[in-house]
Amino acid sequence: MSLPPESIVCVECGATAHLISFLPVDELPEPGTAFAYRCSDCMDRFDMVWEEEPE
Ligand SMILES: [Zn+2]
């Protein structure tokens, strides 16, 4: 398993959206946990639901 990325590409403008949610310090996130990102350009907020990676 891996962790949610620190940043994603904004679907609105193509700029970089940074993770604004805190990741768990010593455990992997539960599948279904939502992580929030905010775009540094258009300031839109996105929620990405963390899914378990396919086997
Ligand atoms: Zn944007």
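In what follows, the structure referred to is the one given above.
What you see is a predicted model, and the numbers here were worked out from it, not measured in a lab.

Procedures and definitions
- Residues numbered from 1 in each chain as written.
- Predicted model: local features only at pLDDT ≥ 70, side-chain atom pairs only at ≥ 80, totals over all residues.
- Pairing = 2+ DSSP bridges.
- Helix = DSSP H or I, 4+ residues; strand = E, 2+ residues; numbered from the N terminus.
- Axes fitted to C-alpha atoms, helices over the stretch in contact; angles between N-to-C directions.
- Buried ≥ 20, exposed ≤ 12 C-beta atoms within 10 Å, placed from the backbone.

Quick rundown of the pairing of strand E3 (residues 34-39)? Include the residues and the values.
Pairing between strand E2 (residues 16-19) and E3: 3 bridges, direction antiparallel. Paired with alanine 17 across the bridge in E3 is cysteine 39. Pairing between E3 and strand E4 (residues 45-49): 5 bridges, direction antiparallel. Its bridge partner lying in E4, phenylalanine 35 is registered against methionine 48. Joining the antiparallel neighbours E3 and E4 is a turn of 5 residues, in which methionine 43 adopts a positive phi near 65 degrees.

Report on the sheet that holds strand E1 (residues 7-9), specifying residues and quantitative values.
Read from one edge to the other, the open sheet built from 4 strands follows the order E1-E2-E3-E4, with strand pairing classed as antiparallel. Where the open sheet ends on each side, the last strands, each with one partner, are E1 and E4. Neighbouring strand axes in the sheet, compared pairwise and without regard to direction, differ in orientation by 35 degrees on average. The sheet contact formed by E1 and E2 spans 3 bridges and is antiparallel. Across the sheet, the residue bridging to serine 7 is histidine 18, located in E2.

Can you explain the environment of leucine 3? Please cite residues and give values.
Along the chain, leucine 3 turns up in the segment before E1. For leucine 3, a count of 12 C-beta atoms within 10 Å gives the class exposed. A C-alpha to C-alpha distance of 9.9 Å links leucine 3 and glutamate 27, two positions 24 residues apart in sequence.

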